[in-house]
Amino acid sequence: MRIITNPDNFKEGKFDLCAKVADFLGNDYKPTHIVLDNNSYEQNKNILDEFRDIAFAWTPDRPRENVPIYLRNIMDDPKCNCLVWISKKALAFDDALFAWVIAHELRHVYQSRKEYPVKCIKDRIKKLRKEQHYKNLPSSLLNASEIDAEVCGLTTIMEIFGREKAIEFLSAGSLRRCPSESYAKALQDVAKECY
Ligand SMILES: [Zn+2]
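Residues numbered from 1 in each chain as written. Predicted model: local features only at pLDDT ≥ 70, side-chain atom pairs only at ≥ 80, totals over all residues.

## What about the domain arrangement of the chain?
Keep this limit in mind: The split of the chain into domains comes from an automatic or database domain assignment. For every residue pair, C-beta atoms are placed from the backbone, and the pair is scored as a contact if these atoms sit within 7 Å. Ten residues, namely Ala, Val, Leu, Ile, Met, Phe, Trp, Tyr, Cys and Pro, are considered nonpolar, four, namely Asp, Glu, Lys and Arg, are considered charged, and the remaining ones, Gly among them, are considered polar.
Segmenting the chain into domains produces domain 1 (2-92) and domain 2 (118-194). Averaged C-alpha coordinates put domain 1 and domain 2 at centres separated by 25 Å. Taken together, the contact between domain 1 and domain 2 spans five residues of the former and four residues of the latter. For the side of domain 1 that touches domain 2, the class distribution of residues is four nonpolar, no polar and one charged.

Following this line, the structure appears as structure tokens:
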């Protein structure tokens, strides 16, 4: 796995943290390339919408048109069969949230290679949705592959930053997909019941 920065002389502490998260998770999680992109594409409408998001995972069956030229060169490398792109916005997150984003995206890489507990997650979410406390969570957040990736974010920061820091992080409403307490609780419940 290679971690590439754009521009290539751009170096900062997040590089090491990214490597640490990937090493912690192991080989099944590692794409061939992780790109830490410090450019902003907010104003550039010729570039795909994904580049205005936080992060994404890419495989060669997905589009390679309308991507930044430096990235097109990486995508065209025959050795590149899986790439995780990380935005400038994510690079500006604090360490715990950044590690969460990396772990989330690397779990999508894992999901493309290995089984994960889809059925347990679906059953658990269905059960939780019947409880008053979880009723207001939008169903768009509760897709099994996304919940699995979020649980990977949660367990990773628990291991790297410690349980206490992770709980503090969750109760501060720091999660980018949904800051609500019931969402954080649902993730903790699935983490306990399905892994
Ligand atoms: Zn995701």
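So, next bit.
## Notes on the environment of I34
Our working rule: A run of DSSP states H or I qualifies as a helix once it reaches four residues; a run of E qualifies as a strand once it reaches two. Both are numbered from the N-terminal end. Exposure classification rests on a simple neighbour count of other C-beta atoms within 10 Å of a residue's own: a residue reaching 20 or more is buried, one at 12 or fewer is exposed, and one in between is partly exposed. C-beta atoms are placed from the backbone.
Tracing the backbone through its elements, the reader meets I34 in strand β2 (residues 33-37). Residue I34 is classed as buried on the basis of its C-beta count, with 27 C-beta atoms lying within 10 Å. Here the alpha-carbon distance between I34 and N44, two residues 10 residues apart in the chain, equals 22 Å.

## Regarding the environment of I121
The topology assignment puts I121 in helix α5 (residues 118-129). Each C-alpha atom of the pair I121 and I147 lies 7.6 Å from the other, and the pair is 26 residues apart in sequence. If we ignore the near neighbours within four places in the chain, the residues touching I121 are A144, I147, D148, V190 and C194.

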